[in-house]
There are 2 protein chains.
Amino acid sequence: MSKIGFIGLGVMGTPMAQHLLQGGHTIFAHSRSGVPQALQDAGMQACANGTEVARRSEIVILMLPDTPDVERVLFGEHGVAAGLSRGATVVDMSSISPIATREFAHKVEALGADYVDAPVSGGEVGARAATLSIMAGGRQQAFDRVLPLLQLMGKNITRVGKAGDGQVAKVANQVIVALTIEAVSEALVLAARAGADPARVREALMGGFASSRILEVHGERMLQRKFDPGFRIALHQKDLELALSTARALGVGLPSTASCQQLFNVCVGMGGAGWDHAALVRAIEHLSSFSLDDAHAG
Amino acid sequence: MSKIGFIGLGVMGTPMAQHLLQGGHTIFAHSRSGVPQALQDAGMQACANGTEVARRSEIVILMLPDTPDVERVLFGEHGVAAGLSRGATVVDMSSISPIATREFAHKVEALGADYVDAPVSGGEVGARAATLSIMAGGRQQAFDRVLPLLQLMGKNITRVGKAGDGQVAKVANQVIVALTIEAVSEALVLAARAGADPARVREALMGGFASSRILEVHGERMLQRKFDPGFRIALHQKDLELALSTARALGVGLPSTASCQQLFNVCVGMGGAGWDHAALVRAIEHLSSFSLDDAHAG
């Protein structure tokens, strides 16, 4: 059993850290808002800051909101870097900038430690059920070392490539998910406004080349008007922002990712920051002064 | 066995009519360029025009390039309408405007005949193998009457709703297919340009919420650089034009469909009208001055 550091006890981090604790590991935890008493009662060791976490751990896991948080926790005052021993491993499971991740990995490796980026998908439900999908980047040896820990938190665990490539895969995943939601939204709104029953159109399209998990799951949510998250629009906006800032830095043109972000913005303007991302359909409905609810069956 | 009219013996229509002939039906055929001698030798009856086809047939099937062709063949000089008997059925298997289809259906029904729109997907390969997917609209009785014929030409045959709803479903299908191709293109180009191996990113994403038939089939074509059709970009442009003109007529806003059409235009500018639609990725590569071929494995 290993000494594991865990920094970031939010809605995702808390159940993930609990799975590690239940797996028999010793957990040295830190969170900006403190380590909840219930977790300490369960055996989690509270640390004052990242440096203390790193001093006491062989592997330090981060689960933080965004790029600046990871940078601060790693390299800021009382940060992880200051306490990291040679041969330790940093595992960043946050979803952050791929480009910044490559820099962070270089700096951590320069200290004689390893860096694995391992962002997840599957949300709170996946975190609680330990069924997260995990896309990892980092040296093979480092990945192999942390894999038993990742297996306590997730199910589909893939090493995509070197450090940073896990974040790249996560961003690619979020681009495809968002744009496929928009594809289904545009198609169903057009179909309904043109007088067809969108539910029957969706059924006719399943099994053909238009078929996807999104048509299946999110298409159903659009028709049932079930927009409780799921995955919040505000979080998907953050992920598309990572895609767009990466694209800007690299001179890549992503016309539909850019326009899809505008539609998420429209949803937020409608009060929908907390809606499930399938509610992107409401932006298309709003643009079109028409709702799938108005559809008449054929 | 029925007397079937068939108008339009192109790359799709020819094998479709042959399947009907092999099914034991009598085929009265007309095509602007004449009925090939080989088909006449096989037993197909050549007719001088649409009126003659309609006079001799109980069911008249159309397989034509676009909306104006269907309008001319139905209602133009020596058209089908002039020869249609009460109780006959027109089956339009072309992919044309849903709005025009509703008008054509009204006019045909006013003559005491039935109208079924039954556009297909599956391309030349599906037409030859009699495995086309068929999305139909029309009265249930009329659909039931023509179903045995559709079953000689296709596999997944769905009645979506009333006349025109088949065309609506086809347009919706083509919107989703095009936009999902763009989703995969933007994601893979971004991933590769950001230094990850796009093949491994694609693999990591399969099975999750980003998974789709397009990621599976067209994603593979993008990586293998196999852009032989398949389905030609010029044809997909025509289908998105149907979506965009329908949207314009109805006041529906389809931002990504509109921008996706621009990318198909870019491909045509690159000489790619005849490329498979998966080559949309080349427009994103072109925009980004980068090719997936340049990707380095992690």
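Residues numbered from 1 in each chain as written. Chains lettered and ligands numbered in written order. Predicted model: local features only at pLDDT ≥ 70, side-chain atom pairs only at ≥ 80, totals over all residues. Heavy atoms only, no water.

Caption draft 1: Structural view of the pattern of salt bridges. Residue and element names in this part refer to chain B. Counted under the stated rule, the structure contains 24 salt bridges over all chains. Across the salt bridge formed by Glu-220 and Arg-202, the nearest N and O atoms sit 3.3 Å from each other. Here the residue Glu-220 occupies a position in helix H10 (residues 213–224), and Arg-202 occupies one in helix H9 (residues 198–205), the gap between them amounting to 18 residues. Accessibility expressed as a relative area gives 8% for Arg-202, which makes it buried. (Salt bridge = Lys/Arg side-chain N within 4 Å of Asp/Glu carboxyl O. Helix = DSSP H or I, 4+ residues; strand = E, 2+ residues; numbered from the N terminus. Buried < 20%, exposed > 50% of the residue type's maximum accessible area, 1.4 Å probe, protein only.)

Caption draft 2: Local environment of the packing of aromatic side chains. Across all of its chains, the model carries 2 aromatic pairs over all chains by this definition. Taking 5.7 Å as the distance between ring centres and 55° as the angle between the ring planes, the aromatic pair formed by Phe75(B) and Phe104(B) counts as tilted. Placement of Phe75(B) in helix H4 (residues 67–75) and of Phe104(B) in helix H5 (residues 98–110) is noted, with a sequence separation of 29 residues between them. The exposure class assigned to Phe75(B) is partly exposed, which follows from its relative accessible area of 26%. Of note, Lys107(A) hangs over the ring of Phe75(A), and the distance from its end group to the ring centre comes to 4.3 Å. Across from the ring centre of Trp275(A), 4.4 Å away, lies the NZ or CZ of Arg282(A), which sits over that ring. (Phe/Tyr/Trp six-rings, centres within 6.5 Å; stacked < 30°, edge-to-face > 60°. Lys NZ or Arg CZ within 6 Å of the ring centre and 35° of its normal.)

Caption draft 3: Structural view of the interface of chain B and chain A. With 62 residues of chain B at the interface, the matching set in chain A holds 62 residues. Taken together, the two surfaces of chain B and chain A that pack against each other cover about 5,100 Å², and 66% of this comes from carbon and sulfur. Sorting the residues of chain B by area buried against chain A places Ile176(B), Leu190(B) and Phe209(B) first, and these three jointly supply 14% of that buried surface. At the surface where chain B touches chain A, the tally comes to 0 salt bridges. Inspection of the chain B/chain A interface yields 18 residue pairs in polar contact (both at pLDDT 80 or more). Of all the secondary-structure elements, those providing two or more residues to the side of chain B that touches chain A are strand S9 (154–161), helix H8 (165–193), H9, H10, helix H11 (233–250), helix H12 (255–269) and helix H13 (280–287) of chain B. (Contact = heavy atoms within 4.5 Å. Buried area = accessible area lost by both parts, 1.4 Å probe. Polar contact = N/O pair within 3.5 Å; in protein donor to acceptor, adjacent residues only side chain to side chain.)

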